[in-house]
Amino acid sequence: MKGTWRRDVILLSRRRDRIMVGVLTGSAVLAVGVLVIIVGYVLWQGLPVLTPTFLLEAPEKMGRAGGIFPTIVGTVVLTAGAVLVAAPLGVATAIYLAEYAHQGRTVALIRFGTESLAGIPSIIFGVFGFLFFVIYLDMGWSILSGALTLAGMILPTIIRTAEEAMLAVPREYREVSYSLGGSRWQTITRVVLPNALPGILTGIMLGVGRSVGETAAVIFTAGASLRVPHSLFDPVRTMSVHFYLLAREGISMRNAYGTAAVLVLSVLAVNFVAYYLMHRHLARLRGAGR
Amino acid sequence: MKGWEWLIRRVLVVMAFSSLSLLALIALFIFAGGVPILAEVGVEQFLLGTRWAPTRGHYGILPMIAGSLWVTGGALVLGVPIALACAIYLSEIASEPVGRLIKPALELLAGIPSVVYGFLGLVILVPLIRVLLGGPGFSVLAASCVLAVMILPTVTSVSYDALRAVPATYREGSLALGATRWQTIRMSVLPAARSGILAGIILGMGRAIGETMAVIMVAGNATLIPVSPLDPVRTLTSNIALELGYAAGKHREALFATGVVLFLIIMGLNLVAEAVAGRGRSR
């Protein structure tokens with residue numbers, strides 16, 4: 001009797017195991033399915049709208065007709081500005097964290113600042129940028145205000161990724177440099193940074209992806225002007241803001257889908273490059289570390 | 001050479017403090033913008049007032065606080081089980097090539113702009129809810145569903161890292177005692193990864209509370225305290241984004257004060273997440 005009871009328990013737990021593994025697998029399939037549906041739907045609706053004229057012409061009647069050229073310019077300029085400001089600061093922070101100080105109060109403070117900043121919602125960045133850059137520093141709705149706000153938003157991503165990339169460089173590399181008489185700065189610039197470069201670029205690409213897709217932080221700092229800008233103090237409208245306004249105010253669903261397709265394709269491409277760089281980089285370093 | 005190295009180190013320290021300085025600057029300006037109206041209306045009136053009619057002198061944000069809580073709670077209920085299941089699947093069950101396919105897919109999911117999520121919620125989810133469940137469609141439920149998808153990558157990837165950090169010996173010991181895979185996951189892997197998973201859930205919560213554009217597009221934005229998941233709702237973030245464009249004077253200050261409340265909630269969550277993750281590391 002006892003033997004059959006035990007067999008029942010075993011059979012039951014085996015069956016439960018199969019069910020749970022099925023449920024877990026199903027969840028992963030569901031998550032990937034959602035991604036496929038989102039990207040698939042946007043491209044299915046948006047790709048037919050994409051023509052050279054759509055990309056290269058100015059919008060007419062607030063976006064009801066015409067193309068999206070000025071918003072592409074706006075996106076590129078704002079993103080480039082954000083990266084130009086955030087990348088040096090982020091990489092410098094990462095160098096300090098990875099190569100100079102590993103613990104202590106200074107490091108704890110810097111980490112607290114970085115982690116907290118990473119959690120600040122984009123609308124708070126938008127409000128801050130509006131209060132500080134647009135009003136207090138009197139830059140107005142401009143490329144400058146928008147780019148500086150975005151720079152603050154992507155800074156934590158760049159710091160984190162760059163630090164990880166530098167820590168992944170094997171210690172032996174540094175030891176060889178020191179044993180040849182290299183100073184710390186020489187070691188960093190000639191040994192650590194070149195080897196960590198793909199990882200650092202990953203962080204920058206992730207920052208580019210976030211900048212391109214951002215709306216809340218941009219709409220209150222860079223404005224929503226549909227003109228092609230001529231100086232850093234001109235307002236611009238990015239693709240995300242344009243898409244948001246088209247969709248929310250129901251101006252033109254057709255052009256909204258077209259803009260969404262360009263947006264999704266560019267963000268996916270940027271993130272794909274980021275992911276690819278990181279993995280090739282880690283695989284190479286892991287191979288070298290052995 | 002020595003002086004040069006010293007100088008570089010100083011410069012790096014100064015640059016490394018940029019994120020902390022920026023955080024302080026954000027806090028300073030948001031508080032400076034919002035505190036005057038808080039002092040005038042009274043913190044209690046502001047937080048617990050149920051009427052938001054800023055042009056007529058009513059500055060109560062309780063409906064928006066309730067809205068943020070509803071929407072975030074809904075997102076966690078819908079999103080966390082799936083995210084956890086994904087993390088467990090990737091860490092414990094998936095074979096190497098399958099994992100190498102799914103992980104990047106989830107990371108791409110994290111990169112899709114929030115306006116796109118909101119837009120798809122608007123054109124797919126809102127009509128679906130309106131037809132199947134009634135009501136206006138613009139609802140707590142629609143916002144929760146959209147947010148659930150948006151927090152999925154965050155919760156999954158932090159939980160995945162926590163599960164991967166559990167030593168293989170835990171699994172081997174359990175399997176050697178005759179436990180099935182699920183028993184091993186439930187009784188030895190999950191408890192060991194608990195604090196990391198909790199930190200991931202808190203991070204997801206922060207993202208859900210802070211999300212703006214996606215929520216605006218599907219939530220309906222009525223300034224009433226919702227009583228059912230099918231009611232329209234306005235969150236703290238939407239309140240700011242919807243009105244900042246045209247608000248002036250005290251109305252505008254009240255929006256900054258909404259920002260103060262949001263900032264404090266997020267910083268609180270950050271600290272909790274940090275404490276939870278820290279406790280996990282020290283164990």
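All of these numbers come straight from a predicted model, not from anything done at the bench.

A. Representation of the overall build of chain B in the model. Check the secondary structure of chain B and you find 13 helices and two strands. For chain B, the C-alpha atoms occupy an extent of roughly 70 × 70 × 30 Å along the three principal directions. Once local pairs closer than 6 in sequence are excluded, the contacts in chain B between residues at least 24 apart make up 71%. Roughly 12000 Å² of accessible area belongs to chain B as shown, and the carbon and sulfur atoms make up 68% of that amount. If the 20 positive side-chain charges of chain B are averaged to one point and the 13 negative ones to another, these points end up 3 Å apart.

B. Representation of the domain arrangement of chain A in the model. All names here are of chain A. The assigned domain composition of chain A is domain 1 (2-49) and domain 2 (52-289). The C-alpha centroid of domain 2 is placed 35 Å from the C-alpha centroid of domain 1. Listed by partner, the interface residues are eight residues for domain 1 and 10 residues for domain 2. Note on domain 1 versus domain 2: buried area summed over both sides is about 760 Å², and carbon and sulfur give 83% of it.

C. Local environment of the interface of chain A and chain B. Opposite the 75 residues of chain A that make contact, chain B presents 74 residues. Between chain A and chain B, roughly 6700 Å² of surface is buried when both sides are summed, and carbon and sulfur atoms account for 83% of that area. Viewed at the interface, chain B and chain A are joined by seven residue pairs in polar contact (both at pLDDT 80 or more). A per-element tally of the side of chain A that touches chain B places helix 1 (residues 2-46) of chain A first, with 19 residues.

D. Region of the structure containing the nonpolar core. Within the largest apolar cluster, 184 residues are counted, with the highest numbers of intra-cluster contacts made by Ile-123, Met-166 and Phe-243 of chain A together with Ile-26 and Val-116 of chain B. The biggest single contributor to this core is helix 4 (residues 62-93) of chain B, with 14 residues. Not counting the four nearest positions on each side in its chain, Ile-26 of chain B is found in contact with Leu-117, Ile-124, Phe-125 and Phe-128 of chain A together with Phe-263 of chain B.

E. Quick look at helix 4 (residues 105-119) of chain A. Taking 1.5 Å per residue, 15 residues should reach 21 Å; helix 4 of chain A reaches 21 Å between its end C-alpha atoms and fits that length. Restricting attention to buried positions, one finds in helix 4 of chain A the residues Val-107, Ile-110, Gly-113, Thr-114, Ser-116 and Leu-117 of chain A.

F. Structural view of a nonpolar patch on the surface. A cluster of nonpolar residues, Trp-4, Trp-6, Leu-7 and Val-11 of chain B, forms a patch on the protein surface that exposes about 440 Å² of accessible area. Here Trp-4 of chain B is to be found in helix 1 (residues 2-16).

G. Spotlight on helix 2 (residues 18-41) of chain B. Residues and elements named next belong to chain B. An ideal rise of 1.5 Å per residue puts 34 Å on 24 residues; helix 2 measures up with 35 Å between its terminal C-alpha atoms. Residue Gly-34 marks the point of greatest curvature in helix 2, where the axis turns by about 35 degrees; the proline Pro-36 follows within four residues. The positive-phi residue at the C-terminal boundary of helix 2 is Gly-42, with phi of around 95 degrees.

H. The arrangement of the packing of helix 4 of chain B against helix 10 (residues 194-210) of chain B in detail. Residue and element names in this part refer to chain B. As a packed pair, helix 4 and helix 10 sit with axes 10 Å apart at the nearest point and diverge in direction by 140 degrees. With respect to each other, helix 4 and helix 10 are oriented oblique. Of the two possible hands of crossing, helix 4 and helix 10 adopt the one that is right-handed. Counting all contacts with helix 4, which are made through Thr-72, Ala-75, Leu-76, Val-80 and Leu-84, the residues of helix 10 involved are Ile-197, Ile-201, Met-205, Ala-208 and Ile-209. Class assignment of the residues belonging to the contact of helix 4 with helix 10 gives a composition of nine nonpolar, one polar and no charged.

I. Here's a closer look at the confidence of the model for chain B. Mean pLDDT over chain B works out to 91, with 98% of the residues at or above the 70 mark. Scored by ipTM, the complex comes to 0.92, with pTM at 0.92.

J. Broad picture of the packing of aromatic side chains. Evaluation of the coordinates by the stated rule reveals 14 aromatic pairs over all chains. Aromatic side chains Phe-128 of chain A and Phe-133 of chain A sit 5.9 Å apart centroid to centroid with 75 degrees between the ring planes, which places their arrangement in the edge-to-face category. The exposure class assigned to Phe-128 of chain A is buried, which follows from its relative accessible area of 2%. With a relative accessible area of 9%, Phe-133 of chain A lands in the buried category. Geometrically, the ring pair formed by Tyr-257 of chain A and Phe-119 of chain B is edge-to-face, given 5.0 Å between the ring centres and 70 degrees between the ring planes. Placement of the pair is Tyr-257 of chain A in helix 11 (residues 253-289) and Phe-119 of chain B in helix 6 (residues 114-133), with the two residues belonging to separate chains. Put simply, the rings of Tyr-41, Trp-44, Phe-243 and Tyr-257 of chain A together with Phe-119 of chain B touch in pairs and so form one group of aromatic residues.

K. Inspection of the pattern of salt bridges at higher detail. Residue and element names in this part refer to chain A. Enumeration according to the criterion identifies nine salt bridges over all chains in this entry. Taking the shortest distance from any N to any O, the salt bridge between Arg-111 and Glu-163 comes out at 2.9 Å. With a gap of 52 residues between them, Arg-111 in helix 4 and Glu-163 in helix 6 (residues 143-167) connect regions that are remote in the sequence.

L. Inspection of unusual backbone geometry at higher detail. All names here are of chain A. Of note in this structure, Asp-138 is not a glycine but carries a positive phi near 60 degrees. Relative to the assigned elements, Asp-138 resides in the loop between helix 5 (122-136) and helix 6. Taking relative accessible area as the criterion, Asp-138 reaches 64% and is therefore assigned exposed.

M. Molecular detail of the packing of helix 3 (residues 69-100) of chain A against helix 8 (residues 184-213) of chain A. Residues and elements named next belong to chain A. At their nearest, the axes of helix 3 and helix 8 sit 9 Å apart, and the two run at 140 degrees to each other. Regarding the angle of helix 3 to helix 8, the classification is oblique. In this structure, helix 3 meets helix 8 at a crossing whose hand is right-handed. Each of Thr-75, Thr-79, Ala-82, Val-83, Ala-87, Val-91, Ile-95, Glu-99 and Tyr-100 in helix 3 lies in contact with helix 8, whose residues at this interface are Arg-184, Trp-185, Ile-188, Val-192, Leu-193, Ile-200, Ile-204, Val-208, Ser-211 and Val-212. Among the residues making up the contact of helix 3 with helix 8, the classes are represented as 14 nonpolar, three polar and two charged.

N. Structural context of the side chain of Asp-17 of chain A. Structurally, Asp-17 of chain A is set in helix 1. There is a polar contact of 2.6 Å between the side chain of Asp-17 of chain A and the backbone nitrogen of Trp-182 of chain B. If we ignore the near neighbours within four places in the chain, the residues touching Asp-17 of chain A are Thr-180, Arg-181 and Trp-182 of chain B.

O. Broad picture of the state of the cysteines. Residues and elements named next belong to chain B. Taken as a whole and judged by the stated rule, the model has zero disulfides over all chains. No disulfide involves Cys-86; its sulfur sits 16 Å from that of Cys-145, the nearest cysteine. Given a relative accessible area of 1%, Cys-86 falls into the buried group.

P. A look at the side chain of Asn-271 of chain A. With respect to the helices and strands, the residue Asn-271 of chain A is situated in helix 11. Classification of Asn-271 of chain A as buried rests on a relative accessible area of 9%. If near-sequence neighbours (up to four positions away) are discounted, Asn-271 of chain A is found in contact with Leu-206 and Gly-209 of chain A together with Glu-107, Leu-108 and Gly-111 of chain B.

Each value, and the rule that gives it
Residues numbered from 1 in each chain as written. Chains lettered and ligands numbered in written order. Predicted model: local features only at pLDDT ≥ 70, side-chain atom pairs only at ≥ 80, totals over all residues. Heavy atoms only, no water. Helix = DSSP H or I, 4+ residues; strand = E, 2+ residues; numbered from the N terminus. Contact = heavy atoms within 4.5 Å. Areas by Shrake-Rupley, 256 points an atom, 1.4 Å probe, with all protein chains shown as cover. Lys, Arg positive; Asp, Glu negative; His and termini not counted. Charge placed at Lys NZ, Arg CZ, Asp CG, Glu CD. Domains from an automatic or database assignment. Buried area = accessible area lost by both parts, 1.4 Å probe. Polar contact = N/O pair within 3.5 Å; in protein donor to acceptor, adjacent residues only side chain to side chain. Core = buried A, V, L, I, M, F, W, Y, C linked by side-chain atoms within 4.5 Å. Buried < 20%, exposed > 50% of the residue type's maximum accessible area, 1.4 Å probe, protein only. Expected span 1.5 Å × (residues − 1). Patch = residues over 30% accessible without salt bridge, like charges linked within 9 Å, V, L, I, M, F, W, Y side chains within 5 Å. Salt bridge = Lys/Arg side-chain N within 4 Å of Asp/Glu carboxyl O. Bend = angle between axes of the 7 residues up to and from the residue. Axes fitted to C-alpha atoms, helices over the stretch in contact; angles between N-to-C directions. Parallel < 35°, antiparallel > 145°, perpendicular 65-115°, else oblique. Left-handed = near helix turned anticlockwise from the far one by under 90°. Nonpolar A, V, L, I, M, F, W, Y, C, P; charged D, E, K, R; others polar. pLDDT = per-residue confidence, 0-100. Phe/Tyr/Trp six-rings, centres within 6.5 Å; stacked < 30°, edge-to-face > 60°. Disulfide = S-S within 2.5 Å.

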